[in-house]
Amino acid sequence: MNLESTYLGLPLRSPLVASPSPATGRLDSLVELEAAGVGAVVLPSLFEEEVEAEAITFLERMEAGSGVFGEATDYFPDVDLDHLGLERHILLVEEAATRLSVPVIASVNGRSAGGWVRYARDLVAAGARAIELNMYDVAVDAEASGADVERAYLDLVSAVRAAVDVPVAVKLSPYFSSFAHYAPQVVEAGADGLVLFNRFYQPDLDLETLDVTPRLELSRPGELRLPLRWIAILRPRLPDTSLALTSGVASGADIAKGLLAGADVVMTASEVLRQGPGRAAAMLEELVQWMSSHDYESVDQLRGSVAQHAAENPGAYERAQYQRVLSSWRR
Ligand SMILES: Cc1cc2nc3c(=O)[nH]c(=O)nc-3n(C[C@H](O)[C@H](O)[C@H](O)COP(=O)(O)O)c2cc1C
């Protein structure tokens, strides 16, 4: 069975990619993911706030020491504070790029335009073969219109695109009022690939402490359907753009669905966190079983074959699906 795939112009041995999560944040589990057959790995995002927070902690510790011994700060060599929190990410990229033979993709989530560009450059210099821009952002500024927010994202994509000489993928949220209109603009701005979709995490309220508590729930298989629909809609419209599906991928059947809808690669995080990196091998084996029982010889043969259904008249197709779904309910 030929699983060879291409993503962001990079030849991959399989269409399953490890999405950013703690499982891609350690060298040992990265090695296990590679042994399990993934085609590429995306490392956890470097957050600008994380870099800044580490620099502040470092400064505070230095100042705490300086009150005790006058010369204490002299013990520290000249440190570029900006690069302190960065160091861990750089090191992981360097180690992963040296140790793995599959492509290592680095992810960035900046706060300032300069941050996105600077960190993307640093990660590429460390050996990242591509950059994934993690556009996780909850637009809470009541002064900013939808068009303002969309424009700001496009400017960031252009700025990073101009700053690095490796492919750039953009991980987007599904919350755009006209995604079929916006997605091509992201490509126009310089994205080589789109990663659909970012999952949004909603904090909860603790009724005892009245604290807002972070609550991270791993995805469920039904979450696959949203990116599946949008990959199928966009595939015919963006024939030359890499499309990656993320959310709810937990089996070989899910990989097959993603490819049929037109994804170049299918990403997984939650399932690997639940079952361990070795689960990737079982998922690929399930894909191979399904393909051979349906007479496919390569993933290229199935890629995008279902997207065509949605291509001719996507509006009518979506309306028909909506009506079918409503009338399919049985007590
Ligand atoms: C614990 C955890 C950490 C994650 N960290 C990141 C991250 O740093 N950057 C990112 O773009 N996505 C991150 N994600 C999102 C995943 O990469 C993935 O897109 C999302 O979980 C949906 O895929 P899944 O259903 O296979 O989990 C994280 C997910 C989990 C569960």
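Coordinates for the structure precede this section.
Residues numbered from 1 in each chain as written. Predicted model: local features only at pLDDT ≥ 70, side-chain atom pairs only at ≥ 80, totals over all residues.

Draft legend 1. Fine view of the site of the ligand. Taken together, 23 residues lie around the ligand, and S19, P20, S219, A269 and S270 are the ones closest in. Considering each element in turn, the shell around the ligand owes the most residues, 3 residues, to helix α9 (residues 270-275). Looking at the shell around the ligand residue by residue, the classes come out as 8 nonpolar, 11 polar and 4 charged. (Near = placed C-beta within 6 Å. Helix = DSSP H or I, 4+ residues; strand = E, 2+ residues; numbered from the N terminus. Nonpolar A, V, L, I, M, F, W, Y, C, P; charged D, E, K, R; others polar.)

Draft legend 2. Summary view of the packing of helix α4 (residues 113-125) against helix α5 (residues 146-163). One way to put it is that α4 packs onto α5 with a least axis distance of 9 Å and a crossing angle of 30°. By the angle class used here, α4 and α5 are roughly parallel. As for the relative orientation of α4 and α5, their crossing is right-handed in sense. Two secondary-structure elements touch here, α4 through A113, W116, V117, A120 and R121 and α5 through L156, A159, V160 and A163. (Axes fitted to C-alpha atoms, helices over the stretch in contact; angles between N-to-C directions. Parallel < 35°, antiparallel > 145°, perpendicular 65-115°, else oblique. Left-handed = near helix turned anticlockwise from the far one by under 90°. Contact = placed C-beta atoms within 7 Å.)

Draft legend 3. Representation of the nonpolar core in the model. Core analysis: the biggest nonpolar cluster contains 85 residues, and V41, I131 and V170 have the highest contact counts within it. Counting residues per element, this core draws most heavily on helix α7 (residues 225-234), which supplies 6 residues. In contact with V170, other than residues within four places in its own chain, are L133, M135, V157, V186, A191, L194 and V195. (Core = buried A, V, L, I, M, F, W, Y, C linked by C-beta atoms within 7 Å. Buried ≥ 20, exposed ≤ 12 C-beta atoms within 10 Å, placed from the backbone.)

Draft legend 4. Here's a closer look at unusual backbone geometry. For the bond from L196 to F197, the omega torsion is 0°, close enough to zero to count as cis. With respect to the helices and strands, the residue F197 is situated in the loop between β9 (193-196) and β10 (204-205). Phi at L210 is positive, roughly 60°, even though this residue is not glycine. Mapped onto the elements of the fold, L210 is located in the loop between β10 and β11 (212-213). At D295, a position not held by glycine, the phi torsion is positive, near 60°.

Draft legend 5. Representation of α4 within the structure. In a regular helix each residue adds 1.5 Å, so 13 residues correspond to 18 Å; α4 covers 19 Å between its end C-alpha atoms and thus fits that length. Taken together, the buried positions of α4 are G115, W116, Y119, A120, D122, L123 and V124. Note on α4: the residue one or two positions beyond its end, G127, has a positive phi of about 125°. (Expected span 1.5 Å × (residues − 1).)

Draft legend 6. A look at the pairing of strand β7 (residues 130-134). β7 sits mainly inside the fold: 5 of its 5 residues count as buried. Burial along β7 is two-sided: the face carrying A130, E132 and N134 and the face carrying I131 and L133 are both buried. Here strand β6 (residues 104-109) pairs with β7 via 4 bridges, running parallel. Each bridged residue has a counterpart across the sheet, and for A106 the counterpart in β7 is I131. (Pairing = 2+ DSSP bridges.)

Draft legend 7. Geometry of the pairing of strand β8 (residues 168-172). Of all 5 residues in β8, 5 are buried; the element is thus mostly enclosed. Burial of the side chains of β8 extends over both faces: V168, V170 and L172 are buried on one face and A169 and K171 on the other. Where β7 and β8 come together, 4 bridges link them in parallel fashion. Pairing of N134 across the sheet is with K171, part of β8. Handedness of the crossover joining β7 and β8 through α5 is recorded here as right-handed. Where β8 lies against β9, 4 bridges are found, and the strand directions are parallel. When the sheet's bridge partners are listed, L172 is paired in β9 with L196. Remark: the β8/helix α6 (residues 179-188)/β9 crossover connection has right-handed handedness. (Right-handed = clockwise from strand over helix to strand, strands pointing away.)

Note that every value here comes from positions in space, so none of it alone points to a role or purpose.
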